[in-house]
Amino acid sequence: LETSAAVLATPDFGMRLANLQSGPLLMGPLERMIKNAPTFGELLAYTTRHMHIYSSAIQISLEPLGDGDRTLMRLEVLANDLPYRRQVTEQILALAHAGGQSVSEGSVCGREIWFAHRELASPSAYHRHFQTKVRFSQPVEGVVYSKADIRSTIAASDPAVLERELRALSDRFPDGSPLHT
């Protein structure tokens, strides 16, 4: 992604790519689990617990922020062979942000987007892609959600499908081995 962004002189390449993709659909074996969690908070918890099935190079954790009213969905890209992770980080966070809005039919909206790197594109590009506050040079990377976001219901949630998917994931990946990296 870094090379493509440089060759095409498109500093928001990762975010543009995310706009052409659908977050939950990209999650392969986790898609139905994600779409059927009862609340956005539970969706995040299930995704955190099962992300290794999708990719061992991505780690997500949930961290309450100091004020207690906000939660950070922290992203870590663990691929040691990627010297530059800026574009892939922007792509993943754009997918996560849009995915939350999609599954909640717009009731979830990341309140802030945090990047460890400095801005790559113009402020208007980040506003166009995220439509929320974007912070750079942060100690970690992720999306900040409010308590209301965490409590938001998932529009098309089906508890029976969720239970079936959780069992299927446990059966298909008993040792926690990833589908791919």
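In this report, the structure presented in the accompanying data block is examined. This one's a predicted model, so the numbers in the text were calculated from it and none came from an experiment. Position numbers for residues count from 1 along each chain, tracking the sequence in the order it is written. Whole-chain, interface and lining totals are the exception, using all residues; otherwise, since this is a predicted model, local features are given only for residues with pLDDT of at least 70 and side-chain atom pairs are given and counted only at 80 or more. In computing side-chain properties, one takes all heavy atoms of the structure into account and sets aside hydrogens as well as water.

Here we look at the environment of Val108
Right, so step 1: Note that Val108 resides in the loop between helix 6 (86–103) and strand 3 (112–114).
Right, so step 2: Per-residue accessibility, obtained with a 1.4 Å probe over protein chains only, is compared with the maximum for each type, and a residue is labelled buried under 20%, exposed over 50%, and partly exposed between these values. Overall, the relative accessible area of 1% leaves Val108 in the buried class.
Right, so step 3: Residue contacts follow a heavy-atom distance rule, with two residues in contact if any of their heavy atoms lie within 4.5 Å. Excluding residues within four positions of it along the chain, Val108 makes contact with Phe40, Gly100, Gln101, Tyr145, Asp149 and Ser152. A helix here means a DSSP run of H or I that spans at least four residues, while a strand means a run of E at least two residues long, and both kinds are numbered starting from the N terminus.

Side note on the packing of aromatic side chains
Right, so step 1: Note on ring pairs: Phe, Tyr and Trp rings are taken, using the six-membered ring of Trp, and paired if centres are within 6.5 Å. Classes follow the plane angle, with under 30 degrees stacked, over 60 edge-to-face and the rest tilted. For the structure shown, the criterion picks out 5 aromatic pairs.
Right, so step 2: Ring geometry for Phe40 against Tyr145: centres 4.9 Å apart, planes inclined by 70°, an arrangement best described as edge-to-face. Here Phe40, found in helix 5 (residues 40–54), pairs with Tyr145, found in strand 5 (residues 141–146); they are 105 residues apart in sequence, far enough to count as distant. The two residues Phe40 and Tyr145 agree in class, both being buried.
Right, so step 3: Summarising the aromatic geometry, the rings of Phe115 and Phe136 are spaced 5.8 Å apart at their centres and angled 20° between planes, so their arrangement reads as stacked. Of the two residues, Phe115 sits in the loop between strand 3 and helix 7 (123–130) while Phe136 sits in the loop between strand 4 (133–135) and strand 5, which places them 21 residues apart along the sequence.
Right, so step 4: The class of Phe115 is buried, set by a relative accessible area of 0%.
Right, so step 5: What links up through ring pairs into an aromatic cluster is the set Phe115, Tyr126, Phe130 and Phe136.

Here we look at the environment of Val161
Right, so step 1: Position of Val161 relative to the elements: it lies in helix 9 (residues 159–172).
Right, so step 2: Distance in space between the C-alpha atoms of Val161 and Asp171 is 15 Å, their sequence separation being 10 residues.

A few points about the pattern of salt bridges
Right, so step 1: The rule for a salt bridge is simple: a side-chain nitrogen of Lys or Arg has to be within 4 Å of a carboxyl oxygen of Asp or Glu. This model, assessed by the stated rule, comprises 11 salt bridges.
Right, so step 2: A salt bridge links Glu112 to Arg70, with the shortest nitrogen-to-oxygen separation between them at 3.4 Å. Of this pair, Glu112 sits in strand 3 while Arg70 sits in strand 2 (residues 70–77), placing them 42 residues apart in sequence.
Right, so step 3: The network of salt bridges with shared partners includes Asp12, Arg16 and Arg128.

Examining the packing of helix 6 against helix 7
Right, so step 1: An axis is simply a line fitted to the C-alpha atoms; with a helix, the fit covers only the stretch in contact. Between two such axes, the angle follows the N-to-C directions and lies from 0 to 180 degrees. It is at 10 Å that the axes of helix 6 and helix 7 come closest, and there the two elements cross at 35°. Residues Glu90, Leu93, Ala94 and His97 of helix 6 touch helix 7, and the partners they reach there are Tyr126, His129 and Phe130.

Side note on the nonpolar core
Right, so step 1: What is meant by a nonpolar core is a set of buried Ala, Val, Leu, Ile, Met, Phe, Trp, Tyr and Cys residues, joined one to another through side-chain atoms within 4.5 Å. Core analysis: the biggest nonpolar cluster contains 40 residues, and Met33, Leu43, Phe115, Tyr126 and Phe130 have the highest contact counts within it.
Right, so step 2: Leave out the neighbours within four places in its chain, and Met33 touches Tyr46, Thr47, His50, Leu162, Glu165, Leu166 and Leu169.
Right, so step 3: Counting 5 residues, the second-largest nonpolar core is a separate cluster that includes Leu65, Leu72, Trp114 and Val144.

Points about the sheet that holds strand 4
Right, so step 1: As summarised here, the arrangement of the 5 strands in space is 1-2-5-3-4, forming an open sheet in which the pairing is mixed. Among the strands making up the open sheet, the edge pair consists of strand 1 (58–64) and strand 4. Neighbouring strand axes in the sheet, compared pairwise and without regard to direction, differ in orientation by 20° on average.
Right, so step 2: Strand pairing is assigned whenever DSSP detects at least two bridges linking the two strands. Pairing between strand 3 and strand 4: 3 bridges, direction parallel. Looking at the pairing, Ile113 lines up with Val134 of strand 4.
Right, so step 3: Those strands touched by helix 5 are strand 1, strand 2 and strand 5, and its axis lies near 150° from that of strand 1.

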